[in-house]
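# Breakdown of the fold
Take a look at the letters that make up each chain.
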Amino acid sequence: MLQSRLAMEIISGLPRHVACVMDGNGRWAARRSLPRTAGHEAAEAAVIDTIEAARSAGIKWLSLYAFSTENWQRPAGEVDILMRLVRRTIRKHAPALHARGVRCRFLGMADPRIPPPLAQDITDLMTLTSDNRRMTLTIAFDHGGRRDIVEAARSLIRAAVPAEQVTEATFARHLPYSDTPDVDLVIRTSGEQRISNFMLWQVAYAEWVFPQVLWPDFRATHLWECLDAYRRRQRRFGDVRRPTATTGEGLR
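The paragraphs below set out a description of the structure included in this document.

Criteria and thresholds
- Residues numbered from 1 in each chain as written.
- Predicted model: local features only at pLDDT ≥ 70, side-chain atom pairs only at ≥ 80, totals over all residues.
- Heavy atoms only, no water.
- Helix = DSSP H or I, 4+ residues; strand = E, 2+ residues; numbered from the N terminus.
- Expected span 1.5 Å × (residues − 1).
- Pairing = 2+ DSSP bridges.
- Axes fitted to C-alpha atoms, helices over the stretch in contact; angles between N-to-C directions.
- Contact = heavy atoms within 4.5 Å.
- Parallel < 35°, antiparallel > 145°, perpendicular 65-115°, else oblique.
- Left-handed = near helix turned anticlockwise from the far one by under 90°.
- Nonpolar A, V, L, I, M, F, W, Y, C, P; charged D, E, K, R; others polar.
- 1 Å grid on protein atoms, 1.4 Å probe; cavity = no way out; pocket = protein on both sides within 12 Å on 5 of 7 lines; lining within 4 Å.
- Points joined across faces, edges and corners; volume = space filled by probe spheres on them.
- Disulfide = S-S within 2.5 Å.
- Buried < 20%, exposed > 50% of the residue type's maximum accessible area, 1.4 Å probe, protein only.
- Polar contact = N/O pair within 3.5 Å; in protein donor to acceptor, adjacent residues only side chain to side chain.

## A look at helix α3 (residues 36–57)
Compared with the 32 Å implied by 1.5 Å per residue over 22 residues, the 32 Å span of α3 between its first and last C-alpha is a close match. Positioned one or two residues after α3, G58 has a phi angle of 100°, which is positive.

In structure tokens form, the structure reads like this:
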């Protein structure tokens, strides 16, 4: 079995933090002559399978890009369905996530258009799982990387931090969830090759892979293939003198 074989080869070179840009729901639906919302509904299985596969593999940090600040520009009907789907998914899977030791966080959540019942369910899920440590799952929801950087700058100003004391380290401490490690591997499905304003600070030195599979069809085997691609790379972090293999040395 491909997954079992790859698991044995990859396990020593796991990235600490994997992030997924879940792209291709609309195209998945269009290829089947279905409404775009059918692609969003089909994406639930991919989300749950990816979470479980990452947890089983030993990934400690997993971030999923679910809804961007720019996604509010989509038709109101589609946005409404997305909100209802997220709420349904949370209510359906919260007990299992908690039982498996997954700590759930939501990155963003600043827009007043988020329905109050959904906001309450999100708060309840984060409270329920706050003490879990087997894996941290961050859902980027109403998220924008530029907004996070602007908010960090505002936080530094409010704290009256002297300019000469502003370093990368101090700046990072003012980002939301500042304990989150830098992203090691970003997976963007559907073959598209864009950052899309996703965790801009945290992905600065990430490795990227762009599988052709559309997100609703993404499964554990695809995740293992991406992990294998990561394992085969050498991470230099700008240093041409001493390449850093992904099998442990490059992890932060």
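## Side note on the sheet that holds strand β5 (residues 185–188)
Read from one edge of the open sheet, six strands run β3-β4-β2-β1-β5-β6, paired in parallel fashion. The sheet is open, and its two borders are formed by β3 (102–108) and β6 (207–209), each paired with just one other strand. When the angles between neighbouring strand axes are averaged without regard to direction, this sheet yields 20°. Relative to strand β4 (residues 135–143), β3 runs parallel, the two sharing seven bridges. Across the sheet, the residue bridging to R105 is T138, located in β4. Where helix α6 (residues 145–158) meets the sheet, it contacts β3 and β4, and its direction lies at approximately 95° from that of β4. Running at roughly 135° to β5, helix α8 (residues 220–231) makes contact with β1 (17–21), β5 and β6 of the sheet.

## Observations regarding unusual backbone geometry
The residue S33 is not glycine, and still its phi comes out positive at about 55°. For M199, which is not glycine, the phi torsion reads 45° and is therefore positive. Assignment of secondary structure puts M199 in the loop between β5 and β6.

## Digging into the packing of helix α4 (residues 76–99) against helix α5 (residues 116–129)
Where α4 meets α5, the axes come as close as 10 Å, and the angle between the chain directions of the two elements is 20°. The angle between the axes of α4 and α5 places the two elements in the roughly parallel class. Both α4 and α5 take part in a crossing whose hand is left-handed. Contact with α4, carried on its side by M83, V86, R87, I90, R91, A94 and H98, involves P117, L118, D121, I122, L125, L128 and T129 of α5 and no other residues of that element. Grouping the constituent residues of the contact of α4 with α5 by class yields nine nonpolar, two polar and three charged.

## Focus: the layout of surface pockets
In this model, the largest pocket occupies a volume close to 900 Å³. Around the largest pocket sit 41 residues that line it, and M22, N25, Y65, A66 and F67 are the ones nearest its centre. Of all the elements in the fold, those that place two or more residues in the lining of the largest pocket are α2 (25–30), α3, β2 (61–68), α4, β3 and β4. Partitioning the lining of the largest pocket into residue classes produces 22 nonpolar, nine polar and ten charged.

## Points about empty space enclosed by the protein
Under the criterion given, the structure shown has one cavity of 30 Å³ or more. By volume, the largest cavity amounts to about 40 Å³. Forming the boundary of the largest cavity are L107, T138, P176, Y177, T180, M199 and Q202.

## As for the state of the cysteines
Summed over all chains, the structure comprises zero disulfides. C104 forms no disulfide, and the closest cysteine sulfur to it belongs to C20, at a distance of 15 Å. For the unlinked cysteine C226, the closest cysteine sulfur is that of C20, found at 7.6 Å. Residue classification places C226 among the buried residues on the basis of a relative accessible area of 5%.

## Brief notes about the environment of W72
Assignment of secondary structure puts W72 in the loop between β2 and α4. For W72, a relative accessible area of 11% translates into the label buried. Taking C-alpha positions, W72 is 9.5 Å from D111, a pair spaced 39 residues apart along the chain. Setting aside residues no more than four positions away along its own chain, W72 makes contact with F67, V79, M83, D111, R113, I114 and D142. At 2.9 Å, the side chain of W72 forms a polar contact with the side chain of D142.

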